[in-house]
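# Observations on the model geometry
Listed here are the chains, written in short residue letters.
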Amino acid sequence: MTTILRRVSASLLCLTLSFPLFAQQTSPEIIPQLTRIDETVANIDLDGFVDEAIWANIPVVDGMKVINPDTLADAPYETHVRMFYTERGIYIGAINYQPEGTLVARMTSRDTQLDRDGFVVGIDASGDGLYGYFLRINLGDSMTDASLLPERTLNMQWDGSWNGRTQALDDGWSVEYFVPWSMMPLPQVDEVRQIGIYLERQVGHLGGEAWSNPALPRTVNQYLSAFEKYELRDIEPRRQLTYYPFASTVIDNISNETEFKVGSEIFWRPTTNTLLSATLNPDFGNVESDDVVVNLTAFETFFPEKRSFFLEGQDIFNASPRTSGRGGPGGPISLLNTRRIGGAAIYDVPDDVNVVATDLSRPTELLGAVKFAGQSGNWRYGTLLASEDDSEIRGTLDDGTRVDLQAQGRDFTIARVLYEDTGAGGRQAIGWMGTDISHPDIDATVNSIDAHYFSADNRWVADGQIMHSDVDGVTGTGGFADVGFRPQRGLQHTLRATYIDDTLDINDLGFLTRNDQMNLDYNYSKTESDIPGLRERSTSIFVTNQWNTAGQPVRTGLFFNRSYTSLDSNRFDYSVRYFPERIDDRLGGGTGDFRVPGRWGANIGYSTDRAKSISYNIDLRLDQDDLGPSRTEGRAGIVWRPDDRFSTDLSLSYTDREALLVHKGSGSYTSFESHQWSPRLEMNYFITAKQQLRFSTQWTALKAFEDRFWQVNPNQREFLRPVPNPDATPDDFVISRLTFQARYRWEIAPLSDLFVVYTRGSNLPSNSFDTFQDLLEQSWNDKIVDTIAIKLRYRLGS
């Protein structure tokens, strides 16, 4: 009976997509309707078994096609999906048929990307391909989610209040989802609304092969706008109020202080398409730690946001794909980097006062923050207000006298308006965004206009932005445009143009690696899935052509990259690159530019199928330093998963440099022979899918020994000239930084967590010359961070 039901249902409503690669369908389409069920009638026990009586009355959806590798062949196993909605949200149930003994379940932290048996539901909440959500649950109940912007821009830091469960079966596995309306903004409509739904399945024992309906491989431009459209009637979710009270305790074993804090985050939807959120007495103490990074360049390192308040409803402030770093080398270009809010305070430290470096870099407490986002017709808008508390630290005079230093907090204002039109096919959009910082020592305002185009035939994608800054009366301008053309599936041409003058400054609240640049970069990429004996072959050619506004090349290069994925999902890749002669105009900090000779580089790597119980990777990178001598880097890693609940991930990198160049001031440089070790270890054990023990440690140690000495010619751009050792005192230095974290997390309910976290860290003095083994031991013992944090956050309301 079940077989008859699923065959008849599939023939009535099998969503096998007639795949329009580059042309719109002109014939009128009949949009299917999702079944509406009263919540009390549905009576779903979300346990992963699709066995409630109501499921038997819901039509089956299948029609999966293979999208990875990109063959678009029919899926070899059946996937039976059923969907309905209630006044509270959408329910999705799926039975994933596959042979007995082939299931691959791996429990991991949220948002960990790993090949295994998994199921994805994508939702276009706008109905027009303007914004949506990516929701994945894997066999074993580990979850991955992201907010989604056109066409395939995912914000993996976002976490939603949806829920799901899975169950292993004799002939496969099953999954049940519940996605509440309160999680997503919905356009206001009179009676009938549309949403888009995308279904995807990954099969671990086939090397992570992926199937989907509609069939949307990464080799095409369309994604969010091509989700299958469904009609919903008689649904107008009521006003929703959600709040997250929290209580936290932090025990600082260094200062012997204990801090207690209570507060709340509040989210209110007065209408289905607006969201007002606020945080009161916020606690932004990290239960996650940033990577340990040694940065000896002239450019800032970008760290992603991890605080939940700044991630919820944040997509409206993403003005272009370059906001997330997609758009070429150099990091993100973004007017809003929320890590600046609550960042290090601005202290005026007198010359005769000594202050501990970690006190100066300590995050600032926030008094509060308010955010409002909404939609009206083709318009979307948002604003964010945040205010920092005043800060105080202690310093000492040379004679040991203690002094107190105060810093006034900053006030931040961000606003955004976006107009989008999909009526004529494709997508056209134009937006404005502005930011402002108010502080006695800073008066910074930035405005921008952005524009976006996605052609109706799906071949062309264009994004651009023009920016203007006014910081303490100094103004600057800049802009960029990215154009992508896909003449056929699997082939992509991308052109990126950038012009930013030398006075544009958005870094008080945004992120920009450097101003004073004019670039024209080109990228060619091709993915082939029809190579005999291979699952996939990928090729890319990248030409970078970056100059400063004085007309000097600061980064030019030609790159060739190729990767091969075997039928058993092992991967081999290599690349070759050449950098022509250029000018370095940043390392000296304005003391003079110098020429850098042409250089070659190459790397080779191999990795095995990560779905296996043991997987490993190895990489070798060969380059030349700026002065020409060699730089060699080797990386290796191994992951051991003896069962579904436990994993150990160990990686190690070693870098040997013959001429690490460091500016010593006034145009003087020293080149160092350096050796750097960077091991990392992470162990995870899952008591259940919702209770996790994680131990992670990362250490980076670099020893640098002075070798040669150089001087820039401030009057002429030429190669650095060698000079004698200016003094008898060695410039040798050491960097040794370690972080360790032991964390217990219990996900009590969706977005409701209990954390118990122990964090330990160190940063040794630069004159700690010992063996690497002794440095590791000393880094563990000479801690500057030693805290225990307990935090309970619980979701209440709609």
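Here's a quick rundown of the structure. (Residues numbered from 1 in each chain as written. Predicted model: local features only at pLDDT ≥ 70, side-chain atom pairs only at ≥ 80, totals over all residues. Heavy atoms only, no water.)

## A closer look at the pairing of strand β7 (residues 143–149)
The buried fraction of β7 amounts to 7 of the 7 residues, a majority that puts the element mostly inside the structure. Of the two faces of β7, the one holding M143, D145, S147 and L149 and the one holding T144, A146 and L148 are both buried throughout. As defined by bridge partners, strand β6 (residues 132–138) adjoins β7 across 6 bridges and the pair is classed as antiparallel. Paired with R136 across the two strands is T144, which belongs to β7. The pairing of β7 with strand β8 (residues 153–155) spans 3 bridges and is classified as antiparallel. Its bridge partner lying in β8, L149 is registered against T153. Counting the residues in the hairpin turn of β7 and β8 gives 3 residues. (Buried < 20%, exposed > 50% of the residue type's maximum accessible area, 1.4 Å probe, protein only. Helix = DSSP H or I, 4+ residues; strand = E, 2+ residues; numbered from the N terminus. Pairing = 2+ DSSP bridges.)

## So, the nonpolar core
Grouped together as the largest cluster of nonpolar side chains are 43 residues, with contacts concentrated most on F119, L135, Y177 and M184. Those elements giving two or more residues to this core turn out to be β3 (79–85), β4 (89–97), β5 (118–124), β6, β7, β10 (172–180), β11 (192–203) and β13 (228–233). Among the nonpolar cores identified, the runner-up in size contains 31 residues, and A373, L384, M467 and L512 belong to it. (Core = buried A, V, L, I, M, F, W, Y, C linked by side-chain atoms within 4.5 Å.)

## A few points about the sheet that holds strand β21 (residues 402–407)
Pairing within the open sheet is antiparallel, and its 3 strands lie in the order β17-β20-β21. Edge positions in the open sheet fall to β17 (353–354) and β21, since each of these has one partner strand only. Two strands pair when backbone bridges link them, and β17 and strand β20 (residues 391–397) are joined in this way by 2 bridges, in the antiparallel orientation. Within the sheet, the bridge partner assigned to V353 lies in β20 and is L397.

## Section: helix α5 (residues 772–781)
Listing the buried residues of α5 in full gives F772, L775 and S779. Looking down the long axis of α5, one finds its buried residues gathered within 50° of arc, a one-sided arrangement. (Arc of directions from axis to C-beta.)

## Let's talk about the pattern of salt bridges
Taken as a whole and assessed by the stated rule, the structure comprises 38 salt bridges. Here R793 and E265 are joined by a salt bridge, their closest N and O atoms 3.2 Å apart. Of this pair, R793 sits in strand β43 (residues 785–793) while E265 sits in strand β15 (residues 257–269), placing them 528 residues apart in sequence. For R793, a relative accessible area of 13% puts it in the buried group. Close ionic contact of D623 with R577 constitutes a salt bridge, the shortest N to O distance being 3.2 Å. Here the residue D623 occupies a position in strand β35 (residues 614–624), and R577 occupies one in strand β31 (residues 571–579), the gap between them amounting to 46 residues. Across the pair, exposure class does not vary: D623 and R577 are buried alike. One network of salt bridges, in which partners are shared, links R110, D145, D159, K690 and E747. (Salt bridge = Lys/Arg side-chain N within 4 Å of Asp/Glu carboxyl O.)

## Quick notes on the pairing of strand β41 (residues 733–749)
Looking along a regular strand, one sees side chains alternate from face to face of the sheet. Most of β41 sits inside the fold, with 13 of its 17 residues counted as buried. Both strand β39 (residues 691–711) and β41 contribute to a ladder of 14 bridges, which runs antiparallel. Directly across from K703, in β41, lies its bridge partner V734. The sheet contact formed by β41 and strand β42 (residues 752–763) spans 12 bridges and is antiparallel. Across the sheet, the residue bridging to W746 is L754, located in β42.

## Concerning the sheet that holds β4
Strand order in this open sheet of 5 strands is β1-β3-β4-β10-β9, and the pairing throughout is mixed. Taken across any chain shown, the strands that pair with only one partner, and hence form the sheet edges, are β1 (35–36) and β9 (163–169). The pairing of β9 with β10 spans 7 bridges and is antiparallel. Bridge pairing in β10 places A168 opposite W173.

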